[in-house]
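Survey of secondary and tertiary structure
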Amino acid sequence: MQVVLDLDGLDALIGALRQDGRVVVGPVLRDDAITLAELGSAADLPSGWGVETGPGHYRVRRRQDTAVFGHSAGPQSWKRFLHPPRRALISSDRNGFHAAEVDSPAYAFLGVRPCDLAAIAKLRQIVGGRAPFVVAAQCTEPGEVCFCTSMGCGPAAGPRYDIALTERIDSAGHRFLATSGTEEGAELLARVPARAASPDDVALAEQDVGAAANRTGRAMPELDLRDLLARNRDSSHWEAVAERCLTCGNCTMVCPTCFCVSVEDTTDLDGNAERSQRWASCFEIDFSYLHGGAVRTSGASRYRQWMTHKLGTWHDQFGTSGCVGCGRCIAWCPAGIDITEEAAALAAGEQP
Ligand code: SF4
Ligand code: SF4
């Protein structure tokens, strides 16, 4: 089913999802960034805001129009809702042990970019949980650090959405081509004010998304990355990266697919204790602590571990790459380290 919504129609879509008892989460402007938060209505979307990104660089900027999805990936990803940064596992008090309640609302994610659509599928393969209702926003304006095209994850939405929106603003007005991907998506679209999509609406949307494919700011080298990483375990290039890498772990925190956790126990003076799980990073020195010490003590070994897992051994573990090309790790690395450039440097180091 394909229909065209205007902004009021989008507002009605959000209202219908809320009526169905869903917590609707989408992009909002907060703290000088496009972050993710619960939406009350379409008025909460970042109308007229875009972003400017680069290695170690992210700024919001005013747009010349009122687009609500005219921005690329922000510092947060949907990971924080599917795999919370901190989660209680079990607690104890003088009366015994208590398993923590798993409180997972019925989410509707609205404005999910195609790279993140792929990331949600990859992450849920690992962490499971209740499937969210997904309203994707196809990408018509990729960012400077995006490389989804070369990872096969954008800018068109893959087949895992309930509804996909393609936003367009021109002399005919501000509108969204809405395509249902599931029966539930089609039923929802039938409940909101919309007009039938014309062949022109569909052709313009395809043209906009097709043009975006050639405008991503970066690309991964076109070679078998799994094999490249496997061949370069002992490359001297890791030392060159380590001279810049601060081992801060920002790249792993912002990555929509990095899922590692640590488990920690806390107690208070009243005899209460809690065991919780929190996001962890392979860049932490004690992440690889085994009896007697850490296995990966150098920055070089930790960066190598991250990149080799992300682009290489994910294939062996999960049958897919761990990277969707969202570019967050490039924008939010304080040293501006660029995973596409590091892959290219490894490949160049193999040239005779
Ligand atoms: S490794 Fe970087 S570009 Fe790839 S999914 Fe993670 S944050 Fe995005
Ligand atoms: S690559 Fe960048 S973000 Fe990642 S740990 Fe190193 S300095 Fe931090």
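Residues numbered from 1 in each chain as written. Chains lettered and ligands numbered in written order. Predicted model: local features only at pLDDT ≥ 70, side-chain atom pairs only at ≥ 80, totals over all residues. Heavy atoms only, no water.

If you look the protein up in an unreviewed UniProt entry, it shows as 4Fe-4S dicluster domain-containing protein from Lentzea rhizosphaerae.

1. Some remarks on the site of ligand 1
The environment of ligand 1 is formed by Phe147, Cys255, Pro256, Trp306, Lys310, Cys323, Val324, Gly325, Cys326, Gly327, Arg328 and Cys329. Of all the secondary structure elements, the ones that give two or more residues to the shell around ligand 1 are α10 (299-318) and α11 (328-331). Among the residues making up the shell around ligand 1, the classes are represented as eight nonpolar, two polar and two charged. (Near = heavy atom within 4 Å. Helix = DSSP H or I, 4+ residues; strand = E, 2+ residues; numbered from the N terminus. Nonpolar A, V, L, I, M, F, W, Y, C, P; charged D, E, K, R; others polar.)

2. Some words on the domain arrangement of the protein
Here the protein is partitioned into domain 1 (2-85 + 100-213) and domain 2 (225-257 + 288-349). Using only C-alpha atoms to locate each centre, domain 1 and domain 2 end up separated by 28 Å. Contacts between the two partners involve 25 residues from domain 1 and, on the opposite side, 25 residues from domain 2. Here domain 1 packs against domain 2, burying approximately 2000 Å² in sum over the two surfaces, 65% of which is carbon and sulfur. Counting the surface domain 1 buries against domain 2, the share from its top three residues, Lys122, Phe147 and Met151, is 27%. The interface formed by domain 1 and domain 2 contains one salt bridge. (Domains from an automatic or database assignment. Contact = heavy atoms within 4.5 Å. Buried area = accessible area lost by both parts, 1.4 Å probe. Salt bridge = Lys/Arg side-chain N within 4 Å of Asp/Glu carboxyl O.)

3. Some thoughts on the sheet that holds strand β13 (residues 261-267)
One open sheet accounts for four strands, arranged β7-β6-β14-β13; its pairing is antiparallel. Lying at the two open borders of the sheet, with one neighbouring strand each, are β7 (96-99) and β13. Between one strand axis and the next, the sheet turns through 20 degrees on average, direction left out of account. Bridge count between strand β6 (residues 86-93) and strand β14 (residues 273-279): six bridges; the pairing is antiparallel. Looking at β14, one finds that Ser92 is bridged to Ala273. (Pairing = 2+ DSSP bridges. Axes fitted to C-alpha atoms, helices over the stretch in contact; angles between N-to-C directions.)

4. Re the packing of α10 against helix α12 (residues 339-349)
Running from N to C, α10 and α12 point in directions that differ by 95 degrees, and their axes come no closer than 12 Å. As judged from the angle between their axes, α10 and α12 are roughly perpendicular. Contacts between α10 and α12 involve Tyr303, Trp306, Met307 and Leu311 on the former and, on the latter, Ile339, Glu342, Ala343 and Leu346. (Parallel < 35°, antiparallel > 145°, perpendicular 65-115°, else oblique.)

5. A few points about the pairing of strand β1 (residues 2-5)
Taken together, the four bridges between β1 and strand β11 (residues 173-180) define a ladder with antiparallel strand orientation. Considered in β11, the bridge of Gln2 is made with Thr179. Across two bridges, the pairing between β1 and strand β12 (residues 195-196) is antiparallel. Pairing of Val3 across the sheet is with Ala196, part of β12.

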